[in-house]
Amino acid sequence: MSHSATSPHDAAAQPLRSTRPAGGLTGRIRVAGDKSISHRALMFGALAVGRTEITGLLEGEDVLRTAAAMRALGATVDRLGEGHWQVAGRGVGGLVEPADVLDMGNSGTAARLICGLIAGHPIFAVLTGDASLRSRPMKRVMDPLAASGARFTSRAGGRLPLAIEGAAEPLPLDYRLPVASAQVKSAVLLAGLCARGTTRVEEPEASRDHTENMLRHFGATVRVEARGHGRVIELEGQPELVAAPVHVPADPSSAAFPLVAALLVPGSSLTVEGVGLNPLRTGLFTTLREMGANLVVTNERLEGGEPVGDITATHGPLRGVEVPAERAPSMIDEYPILAVAAAFASGTTRMRGLKELRVKESDRLAATVALLAANGVVAEVEGDDLILQRNGRPPAGGGHVTTHMDHRIAMSALVLGLAAEQAVTVDDGRFIDTSFPGFAALMNGAAAGSPIQPA
Ligand SMILES: O=C(O)C1=C[C@@H](OP(=O)(O)O)[C@@H](O)[C@H](O)C1
Ligand SMILES: C=C(OP(=O)(O)O)C(=O)O
C-alpha cells in the first residue's frame, strides 16, 4: 500500500474517531514488534552469510519497505508465518545493484540506514519516499558517508529522491555526531562494515543501541565506551557476519499508546506483555512514573538479548514534571503521547530540548501544539521546549486533528479522545499502519463498545 498524499480533500483518507469507553481499558494485550529492531534484523540478515530466522517481526509498512529493499539488493526474504521471517544473506560487501528505484515509503529509519548499507558497496541506487519522507533531511547521513568515498546527489536541501554511487573501497570513518541520532550513527556503522580498518563514532548523547547489539550478535567486533552523557563506538571493518536468530520484543514506542490510555481513562487497568525495556528506550516510562503514574513492571526477563517485561498501567491522577533535555534520545518518539498525558495532569509540564521533533514524519512540535489546541488545551513552545499548564481536569476534546502523514500524531490524538469529554476525530488513520498495524482493533478489544471507529 502506498499513501502519496493526505489532506482533508484526499478521497482515500480514512478518518477515525475515538470516544470515552465506559469501564476503561482492561485485560492483557500484546503490541506488535519493535520497529527499530525489525528494520535492523532484516538488514543484518541480508548482510550475513546463512539464513537468519526472525520471530516477532513488525509487519508494519515501514518494515515491509525494508524487506522489499533487501530483496532488491539481492537477499532472499521469505515470510514463513505471522511475524516469522527468514532472510538468506549475501555476506558483507555482497549486495547487488537494485534494478529500480528503492521507495522507502514513510520510513526515515529505512532510508537513512540503507544509505549506509549502499555507501560501502560498489553499486548505484536511487532512493525515494512519500511526501513526508521527501521533506526530511538526508544531509545528516550524506555528509559523513561522502567522506567514506560514496557519492551522493539529491534534491535541493538534501531531500529525497537521492542517488548514491557506493564506494568500491570505502574508507573507515571517524565521526562525531552533530545531533543525537541513532539513524545517523547506524548509517555510519553500516558503511563501516565494508571498510578496511576501524570505524569510530562518537555520540554526544547515548541513543538507542540496537545496531551495536545486533552487530555483536551477528559476530562483529564492537567496542563501546561511555563518554559523559554519550558514547564512543568502534567497529572493526570487514567482519564475516554470520546468520543468527533474532527474536523481536514488543515495541515500547507502540506500548506507550495503550499504556497512556489506561492511565487517563477512568476504570482502567491494562497490561501490555513482553515490552522491550532497553534503557535507551524507556524515558517515557521514567517520566510517567515521576508524574505519579501507577505503572508496574513484572516478569522482567531477557528475550533474544534484550530486556523485556510486562507493564501494567492503572488509571490515576498525574502531576506535571520537568523532563530534562538529556532524556530526549530515550523517548524521542514519545513526546506527542507524553504531551497528551500532560494535558490531563495538574501543574506545569516542561519538556526540554525537542529540536529533533521538527524533522520527524511531520513537524511534531507544531503538530502536537495543534493537536492539543484543537481539543481545548493550550501548550506553548519556548525555544525548543514544550510547556503545558493544567489543572488535572480532562480536556474538552471535540477536536478535528490534522495528522500530516504522521502515525504518532494520529495515535496520540485518538488516545486523547478516549479520555476527553468529547470525541476526537483524526483526518487520516492510514499512516498508523507504518508502525502499529491493528492499533484500533487492539484498543477496541481492551474496551467496551469499540471506542475507535471510522468517522
Ligand atoms: O534508529 C532508529 O531506529 C530510530 C531512531 C530515531 O530517529 P533519529 O535517529 O532521527 O533520532 C527514532 O525517531 C526513529 O523512530 C527510529
Ligand atoms: C520517527 C519515526 O520513524 P522514522 O524516522 O523511521 O520515520 C517514528 O517512528 O516515530
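Looking at an unreviewed UniProt entry, one finds the protein chain named 3-phosphoshikimate 1-carboxyvinyltransferase and attributed to Teichococcus wenyumeiae. Within the UniProt record for the protein chain, the comment given under Catalytic activity (unreviewed entry) is "3-phosphoshikimate + phosphoenolpyruvate = 5-O-(1-carboxyvinyl)-3-phosphoshikimate + phosphate".

Examining the overall build of the protein chain
Helix and strand counts for the protein chain stand at 12 helices and 24 strands. The principal-axis extent of the C-alpha atoms belonging to the protein chain is close to 60 × 45 × 45 Å. Counting only residues that meet the buried cut, the protein chain has 60% of its 455 residues in that class. Within the protein chain, contacts between residues separated by at least 24 positions form 76% of all contacts whose residues are at least 6 apart in sequence. Of the roughly 16,000 Å² that the protein chain leaves accessible, carbon and sulfur atoms contribute 50%.

Thoughts on the sheet that holds strand β19 (residues 346-351)
Each strand in a sheet pairs with another by means of backbone hydrogen bonds, the pair being arranged parallel or else antiparallel. Strand order in this open sheet of 4 strands is β18-β19-β21-β20, and the pairing throughout is mixed. Either end of the sheet is taken by a strand with one partner, and the two such strands are β18 (322-323) and β20 (379-382). Most of the contacts of helix α9 (residues 335-343) go to strand β21 (residues 385-391), to which it runs at about 25 degrees, and overall it touches β18, β19 and β21.

Brief notes about helix α4 (residues 139-146)
Those residues of α4 that sit buried are Arg-140, Val-141, Met-142, Pro-144 and Leu-145. Buried residues along α4 sit against α3 (108-119), β8 (151-155), β9 (159-165), β10 (174-176) and α5 (182-193).

Re the site of ligand 1
The environment of ligand 1 is made up of Lys-35, Ser-36, Arg-40, Thr-109, Ala-180, Ser-181, Ala-182, Gln-183, Arg-208, Ile-332, Asp-333 and Lys-360. A distance of 2.8 Å separates an oxygen atom of ligand 1 from a polar atom in the backbone of Gln-183. Within the side chain of Lys-360, a nitrogen or oxygen atom sits 2.8 Å from an oxygen atom of ligand 1. Taking 390 Å² as the accessible area of ligand 1 by itself, protein coverage stands at 95%. Among the secondary structure elements, those contributing two or more residues to the shell around ligand 1 are α1 (35-47) and α5. Tallying contributions element by element places α1 first for the shell around ligand 1, with 3 residues. Residues of the shell around ligand 1, tallied by class, amount to 3 nonpolar, 4 polar and 5 charged. Inspection of the shell around ligand 1 shows a minimum of three residues originating in each of domain 1 (16-33 + 249-454) and domain 2 (35-244).

Side note on the site of ligand 2
Not every one of the 13 residues close to ligand 2 is listed here, only the nearest: Lys-35, Gly-108, Thr-109, Arg-136 and Arg-408. The separation between an oxygen atom of ligand 2 and a polar side-chain atom of Asp-333 is 3.3 Å. Contact between ligand 2 and Arg-408: an oxygen atom at 2.6 Å from a side-chain N or O atom of the residue. Protein contact buries 99% of the 300 Å² of open area that ligand 2 shows by itself. For the shell around ligand 2, the secondary structure elements donating two or more residues are α3 and α11 (407-419). Within the shell around ligand 2, the residues separate by chemical class into no nonpolar, 6 polar and 7 charged.

Structural notes on the nonpolar core
Ranked by internal contacts, the top residues of the largest apolar core, which has 74 residues, are Leu-288, Tyr-335, Met-351, Val-415 and Phe-439. Among all residues touching Val-415, those that are not within four sequence positions of it are Phe-257, Val-260, Ala-261, Leu-264, Ile-337, Val-340, Phe-439 and Met-443. If you look at the next biggest cluster of nonpolar residues, it comprises 66 residues, including Ala-119, Leu-173, Leu-193 and Leu-241.

What about the UniProt feature "binding site: 3-phosphoshikimate" (unreviewed entry) in the protein chain?
As annotated by UniProt and renumbered to match this structure, "binding site: 3-phosphoshikimate" (unreviewed entry) occupies Lys-35, Ser-36, Arg-40, Ser-181, Gln-183, Asp-333 and Lys-360. Its place among the elements puts Asp-333 in the loop between β18 and α9. Classification of Asp-333 as buried rests on a relative accessible area of 11%. The residues contacting Asp-333, other than those within four sequence positions of it, are Arg-208, Ser-253, Lys-360, Arg-364 and Arg-408. Here Lys-360 is to be found in the loop between β19 and α10 (364-373). With sequence-adjacent residues up to four places away left out, Lys-360 is seen in contact with Arg-136, Ile-332 and Asp-333.

A word on the domain arrangement of the protein chain
Per the domain assignment, the segments making up the protein chain are domain 1 (16-33 + 249-454) and domain 2 (35-244). For domain 1 versus domain 2, the separation of C-alpha centres amounts to 29 Å. Of the residues lining the interface, 25 residues belong to domain 1; the matching set on domain 2 comes to 28 residues. Together, the buried faces of domain 1 and domain 2 total about 2,200 Å²; carbon and sulfur atoms form 51% of this surface. At the surface where domain 1 touches domain 2, the tally comes to 3 salt bridges. With a closest N to O distance of 3.6 Å, Glu-361 and Arg-136 form a salt bridge. The interface formed by domain 1 and domain 2 holds 12 residue pairs in polar contact (both at pLDDT 80 or more) in total. Considering only residue class, the side of domain 1 that touches domain 2 consists of 10 nonpolar, 5 polar and 10 charged.

Conventions used here
Residues numbered from 1 in each chain as written. Chains lettered and ligands numbered in written order. Predicted model: local features only at pLDDT ≥ 70, side-chain atom pairs only at ≥ 80, totals over all residues. Heavy atoms only, no water. UniProt positions renumbered as here; feature names shortened; annotations may be inferred. Helix = DSSP H or I, 4+ residues; strand = E, 2+ residues; numbered from the N terminus. Buried < 20%, exposed > 50% of the residue type's maximum accessible area, 1.4 Å probe, protein only. Contact = heavy atoms within 4.5 Å. Areas by Shrake-Rupley, 256 points an atom, 1.4 Å probe, with all protein chains shown as cover. Pairing = 2+ DSSP bridges. Axes fitted to C-alpha atoms, helices over the stretch in contact; angles between N-to-C directions. Near = heavy atom within 4 Å. Polar contact = N/O pair within 3.5 Å; in protein donor to acceptor, adjacent residues only side chain to side chain. Nonpolar A, V, L, I, M, F, W, Y, C, P; charged D, E, K, R; others polar. Domains from an automatic or database assignment. Core = buried A, V, L, I, M, F, W, Y, C linked by side-chain atoms within 4.5 Å. Buried area = accessible area lost by both parts, 1.4 Å probe. Salt bridge = Lys/Arg side-chain N within 4 Å of Asp/Glu carboxyl O.

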